[in-house]
Structures are given as structure tokens and as C-alpha cells.
Amino acid sequence: MSDETIYYFDNNATTRVAPEVVEAMLPYLTEQWGNPSSAYSFGNHVGESVTEARAKVAALINAAPREIIFTSCGTESSNAALNSTLITQPGKRHIITTAVEHSANIKFGQMHEKRGGEVSWIPVDRAGQIDVHELQEAIREDTAVVSVMLANNETGVVFPIEEIAAICRAKGVPFHTDAVQTAGKLKLDVKAMGVDFLSLSAHKLHAPKGIGLLYARQGVAWQPYVIGGGQESGRRGGTENVAYIVAFGKAAELAMASLKNDVDRIRTLRNRMEDSIMERIPGVTRNGAREPRLPNTSNLNFADCEAEAILLLLDREGICASSGSACTTGSLAPSHVLIAMGVPPEHALSSVRLSLSKYSTAAEVDHLLDTLPAIIKKLREASPKTSRVATQKISQ
Ligand code: PLP
């Protein structure tokens, strides 16, 4: 199936690579293949391109270029930040994070617990929001780091990061935020947010998979996670992925140039999609707060329908979306995010995430609106509890 025949509603999983981004990166796979660390000019030129890209991604989040560490992905960025806080503060073994983080954080926390460390998992309410006071109360003398995502990948709910960062700063505890879902969707300013660490991933911003960054505030204690050469000013070993770094820089530049227009258009389209689905189909409710929420994300519960069956029938119409459930070793488990919100497991297994991007069109939404009501009707008529026909991961 070519991308012209797909109707793509899964932009929180990954995004289409922008043609301008492909064009910018290609020379680094053909003519400009030197090592950016080499002393001769063939390598130097490549090194300069990495420097330019660093300045562009730094500008996207209002950081200084030296505060950017390029990594292989968002997962590595978050792992590296948490790991560094534990190693640079050997007496501190307590992590605070939320119950609704991406598995990059959840699994890191679980591993930390297995190694004898402690984690406070801050719960969320029915709207998917945390209680900042509860988080504040959880901070202890031995807290090494607080890590709270800027926006949730499943519901789009946005967390009060500035407020949390201020609390952490007052207590002298490093604060990390996983901002992977927010690039190109929210205006990002690390200085205004007051964070010590922030993770981003290029493939959510119309650049390729396999390149990410960690913002590490100037002066924050740092211990590399990937240990090796002196790349990234000694903060991450490994020869730089030049083509993808250039791609990330270009994607950041494009996002900055059109953020306001893109976001306004995406929000209007998302609201029309969500409101129309709820109007046209009975028994549909939204999971998570209406606001504050990412402008592109909608997580909807379809009563008495298995999400996996909905997704299978949507797929037959060329429509790509994700379920609110994750599959573990072949058996479907409800989404940990929805369960943490107090959504009953059967509702969690009836939830579908639809996420847009700047490339989403009104025609795509119209196709979904023309197709979905009949699918839901058919499934409800067939059986109130349709069989679990497909397995699909959402924890993207
Ligand atoms: N954090 C969040 C909130 C995400 O949605 C994702 C997406 O997959 C990640 C982290 C991981 O990013 P990456 O795929 O670059 O490792």
C-alpha cells in the first residue's frame, strides 16, 4: 500500500518525513560522508553541518546549542537523563515519576526498583491529570530526580510542567520532562519551563526514526550513558548520525516557521473530527481532559466495541489508527494509561487513539467520518463483545 492510499491518523506513533527534510539529509548519505570529528576539511564541513543542526534544534526549545546532546531516540534521552541523576548523586536512590509515562520511563523505574531503588509512581485522576501537591509531598531528602512527561502520548493531556519544575528547583531536585509528543504541537521554551532535562525525538516531528536529543541545562551534573569517544563534548560516545542530525535540524527549522498556523489548523480539524464522531455515533466518550491537551490528539471510547476489531475494519478502508491497549506476549492488556485513570478495563479495550499532523487533511477526516459510523454499527450488531481479532501496540 503506498502512502497515497492511506488515511493516516496515527501521528503520535510516528510522522511522515517531510520532503524538505529528505532533501536536506540526502547529501550526507552521498557526497558528504566524512566523519565530523576528522581534522581535514572534508570532515570539518560535515562537522559544521552538525553544528548548524544543533543550533536549529536548540532554537526550537530556546536552549543554547551547547545544552543539546544528540542521542539515538527519545527512549535513550530519557534513560540517559534518569541514569545520570542516579550516578551523579550516589546517596540518592529515590525517583518520582507518574503512572502514565511512556515505557521508556516506566521500564527504567521498574528496573531501578529491581536493583533495590525506590520509585514513587504519582497517580492520575479520571481526566488523566496529576495532583501537583501529591507530587510535592512525595519529594524526600534522597530523591534523585523527578520525571514527568510534558504531554501524554495516549490522551494528549498536558501536565503543569512549569509548576512542577519550580517545586523541584526550590527543593534542589533535578527535573526531567519527556517532551517527545510535543515538538511541533506546543511552543517549547526550556528556560520558561525551568527544566533541567528535556527529551525529544525527531520521528514525531517529520524527521526519520532513530535520532533524538536530550536538553541538559548548562551546569547540570552529567554522567554519559553511552560511554566511548569524545563526541557531543564528551557527553555521549559514538560517531554522530550526521544525516539524521541534519534532518532533525531541518525539521526543527520547518516547525518553528509554521508552528502557530499548523497548530491552529490541526486543532480545528481535530475538534471537528472529535465532535462529529460524537454527534454521529451514539455511545462515544472522550478519555482524558478536553483541555489542556495536545491539539492533535483524540482518545475515544466506543461502548460495546472491541478497539482491535474497529482498527482491523478501519485498516481495510486504508485508515491507520491505534488502540488504547497494548499487547504483551500475544495477550491483549488494557492500556496502563487508561487503567491508571480509573477507566474500567473493558472500556480501555474499547478505546481508539486518533492523532493528526500538519499533513492531515479535511478530506482524510471526511473519509473517516464517512466510514466509522458504519463500522461501529456493524460491530455492535454482530456482537456486543466482538472477538479480539488483532494485536497492536500503542505504547509509542
Ligand atoms: N516518550 C513518549 C511520550 C513517546 O510517545 C515516545 C514514542 O515512541 C517515546 C518517548 C519514545 O521515543 P523513541 O521512539 O524515539 O524512542
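Quick caveat: nothing in here was measured; it's all calculated off a predicted structure.

Engineer: Explain a negative patch on the surface here, please?
Structural biologist: A contiguous patch of negative charge, built from D125, D131, E134 and E137, is present on the exposed surface. Looking at the element boundaries, E137 is found in helix α5 (residues 132-138).

Engineer: Whenever I open this one, the site of the ligand confuses me. Can you help?
Structural biologist: Contacts to the ligand come from 13 residues, most closely from T75, D178, Q181, S201 and K204. H203 is positioned with one of its side-chain polar atoms (N or O) 3.0 Å from an oxygen atom of the ligand. Contact between the ligand and K204: an oxygen atom at 3.0 Å from a side-chain N or O atom of the residue. When the free accessible area of the ligand is taken as 390 Å², the share hidden by the protein chains comes to 93%.

Engineer: Can you walk me through helix α13 (residues 362-382) in this structure?
Structural biologist: Owing to its 3.6 residues per turn, the α-helix brings residues three or four apart onto one side. For α13, with 21 residues, the first-to-last C-alpha span of 31 Å sits near the 30 Å given by 1.5 Å per residue. The largest bend in α13 comes to about 25°, at T371, with the proline P373 one to four residues further on. Burial in α13 covers these residues: E364, V365, H367, L368, L369, T371, L372, I375, I376 and L379. On its buried face, α13 is in contact with β1 (7-8), α9 (242-280), β10 (297-302), α10 (307-316), β11 (319-320) and β15 (351-355).

Engineer: Please explain the pairing of strand β3 (residues 94-98) as it appears in this structure.
Structural biologist: Along any regular strand the residues' side chains alternate between the sheet's two faces. Across the five residues that make up β3, a large majority, five, are buried. Burial of the side chains of β3 extends over both faces: H94, I96 and T98 are buried on one face and I95 and T97 on the other. Across five bridges, the pairing between β3 and strand β4 (residues 118-122) is parallel. Residue pairing across strands places T97 opposite W121, the latter belonging to β4.

Engineer: Quick question: what am I supposed to make of the pairing of strand β7 (residues 197-201) here?
Structural biologist: Counted residue by residue, β7 has five buried out of five residues, so it is predominantly covered. Both faces of β7 are covered, namely the face carrying F197, S199 and S201 and the face carrying L198 and L200. Across three bridges, the pairing between strand β6 (residues 175-178) and β7 is parallel. By the bridge assignment, D178 is partnered in β7 with S199.

Engineer: Before we go on, may I ask you to explain the packing of helix α3 (residues 74-88) against helix α4 (residues 103-114) in this structure?
Structural biologist: Angle between the axes and distance between the axes: these two values describe a pair of packed helices. Orientation of α3 relative to α4, taken along the N-to-C sense of each, is 35°, at an axis distance of 9 Å. When the axes of α3 and α4 are compared, the crossing they make is right-handed. Residues T75, S78, N79, L82, N83 and L86 of α3 touch α4, and the partners they reach there are A104, N105, F108 and H112. Across the contact of α3 with α4, the residue classes tally to four nonpolar, six polar and no charged.

Engineer: Explain the sheet that holds β10 here, please?
Structural biologist: Taken in spatial order, the four strands of this open sheet run β9-β10-β15-β12, and their pairing is antiparallel. A strand with exactly one partner marks an edge of an open sheet, and here the two such strands are β9 (284-286) and β12 (322-323). Note that β10 and β15 share five bridges and pair antiparallel. When the sheet's bridge partners are listed, S298 is paired in β15 with L354. Set on the sheet, α9 makes contact with β9, β10 and β15; between it and β10 the angle comes to about 10°.

The rules behind the values
One numbering rule holds for all chains: residues counted from 1, following each sequence as written. Two thresholds apply to this predicted model, a pLDDT of at least 70 for residue-level local features and 80 or more for giving and counting side-chain atom pairs, whereas whole-chain, interface and lining totals are computed over all residues. The side-chain values count all of the structure's non-hydrogen atoms but skip hydrogen atoms and water molecules. Think of a patch as exposed residues, more than 30% relative accessible area, with no salt bridge, where like charges cluster within 9 Å and nonpolar side chains (Val, Leu, Ile, Met, Phe, Trp, Tyr) cluster within 5 Å. With residues, only the protein chains shown are counted as cover, and all accessible areas are computed by Shrake-Rupley using a 1.4 Å probe. Salt bridge, as used here, is a side-chain nitrogen of Lys or Arg placed within 4 Å of a carboxyl oxygen of Asp or Glu. By the counting scheme adopted, Arg and Lys are positive, Glu and Asp are negative, and His together with the chain ends is not counted. Where a charge sits is defined by one atom per residue type, namely NZ (Lys), CZ (Arg), CG (Asp) or CD (Glu). Each helix is a run of DSSP H or I of at least 4 residues and each strand a run of E of at least 2, with the numbering of both proceeding from the N terminus. Whether a residue is near a molecule or strand depends on its heavy atoms: it is near if one of them lies within 4 Å of it. Pairing of N or O atoms within 3.5 Å defines a polar contact, subject to two protein rules: one partner must be a possible hydrogen donor and the other a possible acceptor, and residues neighboring in sequence count only if both atoms are side-chain atoms. An expected span of 1.5 Å times one less than the residue number is assigned to each helix. Given a residue, its bend is the angle between the two axes fitted to the seven residues that end at it and to the seven that start from it. Relative accessible area decides the class of each residue, using a 1.4 Å probe on protein chains only: under 20% of the type maximum gives buried, over 50% gives exposed, and in between gives partly exposed. By the convention used here, residues are in contact when the closest approach between their heavy atoms is within 4.5 Å. Strand pairing is defined by DSSP finding a minimum of two bridges between the two strands. Where helices are involved, their axes are fitted lines through C-alpha atoms of the stretch in contact, as for all axes, and angles between N-to-C directions lie from 0 to 180°. Crossing chirality is assigned from the near helix's rotation relative to the far helix, an anticlockwise turn below a right angle marking it left-handed and a clockwise turn marking it right-handed. In this count, Pro and Cys sit with the nonpolar residues alongside Ala, Val, Leu, Ile, Met, Phe, Trp and Tyr, while Asp, Glu, Lys and Arg are called charged and the others, Gly among them, polar.

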